[in-house]
Amino acid sequence: MTTSSYSETTSPLLALSTDLANAVERAGQSVVAVNARRRFPSSGVHWRQGVIVTADHTLKRDEEITVTLPDGHSQAATLAGRDASTDLAVLRLPEASLPVAELGETAALKVGHLVLALGRSSEGNLSASWGVLSALSGSWRTWSGGQVDQFVRPDLTLYPGFSGGPLADAQGRIVGINSSGLSRRVGLSLPITTVNRVVEQLLTSGRIKRGYLGLGMQPVRLPDVLRTALNLPGSGGVIVVSIEPNGPGEQAGVLIGDVLVALADTAVSDPGEVVSLLGPERVGQPLKVSLVRGGNSAEVTITVGERPQRGE
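Treat the numbers as computed from the prediction; the structure is a model and nothing was measured.

### Here's the deal with the overall build of the protein
Line of reasoning, step 1. A tally of regular secondary structure across the protein gives 5 helices and 22 strands.
Line of reasoning, step 2. Counting only C-alpha atoms and orienting by the principal axes, one finds that the protein spans roughly 85 × 50 × 30 Å.
Line of reasoning, step 3. Relative to its 312 residues, the protein shows a buried fraction of 46%.
Line of reasoning, step 4. A distance of 3 Å separates the average location of the 27 positive side-chain charges in the protein from that of its 29 negative side-chain charges.

Okay, structure coming up:
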């Protein structure tokens, strides 16, 4: 093989390598290390002036948090709010002297597009991995009821410390926040629209409202004869095993042993499905609950409360 033919063969790879390195450099300008746990930090993104976004599950303390900037210097940061249901947390960084994230458009992404995950160490060093988008789909709720506008699954490695860092497109524009805390099996990315919504609410009130019934529940399967006789929507429901005194459920007349089979005409068969129907928009609103009590159908209306925060 001649020198010229070798150059022609490899030049596309060299161009790709250069483009990816430039994309990492561009996106990395707004990436910081967040020091709020032992052993190693997580990563974060300077989302807007003086505001850092990171992954909630990586913050093991609410105070004495520092952020390592790209130049290796550290600054103290304060916690503005956190939301475990979307695994997002917001920090305030006064007098931030680094560029704000250049945001792309998650909606423009397609399965197969090249993407990058970035992280920063406590010494200020930038790391990256690359792969492709392996799955994109519509809105979904996390296991703890958080509303996410788009399912985004990149096929790349989220190394230790990458949670809270950005997902970037091939041009170095940030299109999401990476998290290893939303799934036990794979890393997922939260799209920009979700991050913006949660950031705005956390900056305003410090937390995200979640609906609350004040009921302890377990899944239960109902006998086929009973389901047929009562024309029930599913194969089971959730049985009430405990009731918080003076909580929304007790005030509505729910009893221990009641089996909830539908909320707002949506069948439920697992406590997780109940949680997924108790988004912020439900707080303070009446909720029709269909249930089985003593072998008969019944219906109650519960005014949904706000789930207490940790420490309240």
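### Regarding the packing of aromatic side chains
What describes a pair of aromatic rings is the distance from one ring centre to the other and the angle between the planes of the rings.
Line of reasoning, step 1. Here the structure, examined in full by the defined rule, presents 2 aromatic pairs.
Line of reasoning, step 2. Aromatic side chains tryptophan 140 and phenylalanine 151 sit 5.7 Å apart centroid to centroid with 75 degrees between the ring planes, which places their arrangement in the edge-to-face category. Of this pair, tryptophan 140 sits in strand β9 (residues 140–141) while phenylalanine 151 sits in strand β11 (residues 151–155); the two residues are 11 residues apart in sequence, bridging distant segments of the chain.
Line of reasoning, step 3. Ring plane angle 75 degrees and centroid distance 5.5 Å describe the contact between tyrosine 159 and phenylalanine 162, whose orientation is recorded as edge-to-face.
Line of reasoning, step 4. On the basis of relative accessibility, which here comes to 43%, the residue tyrosine 159 falls in the partly exposed class.
Line of reasoning, step 5. When its relative accessible area of 4% is taken as the criterion, phenylalanine 162 is described as buried.

### Points about the side chain of threonine 106
Line of reasoning, step 1. Structurally, threonine 106 is set in the loop between β6 (88–92) and β7 (114–120).
Line of reasoning, step 2. Residue contacts for threonine 106: discarding those within four places in its chain leaves Gln150, Val152, Val175, Pro191 and Ile192.

### Overview of the pattern of salt bridges
Oppositely charged side chains may form a pair once their charged atoms are brought near each other.
Line of reasoning, step 1. Under the defined criterion, the tally for this structure stands at 12 salt bridges.
Line of reasoning, step 2. Of the charged contacts in the structure, one is a salt bridge between glutamate 200 and arginine 48, with a shortest N-O distance of 3.3 Å. With glutamate 200 in helix α2 (residues 192–205) and arginine 48 in strand β2 (residues 42–48), the pair connects residues that are 152 residues apart, well separated along the chain.
Line of reasoning, step 3. Given a relative accessible area of 41%, glutamate 200 falls into the partly exposed group.
Line of reasoning, step 4. With a shortest N-O distance of 2.4 Å, arginine 82 and aspartate 62 are connected by a salt bridge.

### A closer look at the nonpolar core
Line of reasoning, step 1. Counting residues in hydrophobic clusters, the biggest one holds 30 residues, and the most contacted among them are Trp47 and Val195.
Line of reasoning, step 2. Elements with a minimum of two residues in this core: α1 (3–28), β2, β3 (51–54), β6, β7, β13 (174–179), β14 (188–191) and α2.
Line of reasoning, step 3. Among the elements that take part in this core, α2 stands out by supplying 6 residues, more than any other.
Line of reasoning, step 4. Ignoring anything within four residues of it in the chain, the contact list for tryptophan 47 reads Val53, Val100, Ala101, Leu103, Ile174, Ile177, Ile192, Val195 and Asn196.
Line of reasoning, step 5. In terms of nonpolar packing, the next biggest core, distinct from the first, is built from 18 residues, Leu263, Val268, Leu287 and Ile302 among them.

### Things to note about the side chain of aspartate 87
Line of reasoning, step 1. On the secondary structure map, aspartate 87 appears in the loop between β5 (74–83) and β6.
Line of reasoning, step 2. For aspartate 87, which is buried and forms no salt bridge, the nearest opposite charge comes from arginine 82, at a distance of 7.4 Å.
Line of reasoning, step 3. Among the polar contacts listed, one links the side chain of aspartate 87 to the side chain of serine 179, at a separation of 2.4 Å.
Line of reasoning, step 4. Apart from residues lying up to four places away in sequence, aspartate 87 is in contact with Thr54, Ala55, Asp56, His57, Ser179, Gly181, Leu182 and Leu190.

Definitions and cut-offs
Residues numbered from 1 in each chain as written. Predicted model: local features only at pLDDT ≥ 70, side-chain atom pairs only at ≥ 80, totals over all residues. Heavy atoms only, no water. Helix = DSSP H or I, 4+ residues; strand = E, 2+ residues; numbered from the N terminus. Buried < 20%, exposed > 50% of the residue type's maximum accessible area, 1.4 Å probe, protein only. Lys, Arg positive; Asp, Glu negative; His and termini not counted. Charge placed at Lys NZ, Arg CZ, Asp CG, Glu CD. Phe/Tyr/Trp six-rings, centres within 6.5 Å; stacked < 30°, edge-to-face > 60°. Contact = heavy atoms within 4.5 Å. Salt bridge = Lys/Arg side-chain N within 4 Å of Asp/Glu carboxyl O. Core = buried A, V, L, I, M, F, W, Y, C linked by side-chain atoms within 4.5 Å. Polar contact = N/O pair within 3.5 Å; in protein donor to acceptor, adjacent residues only side chain to side chain.

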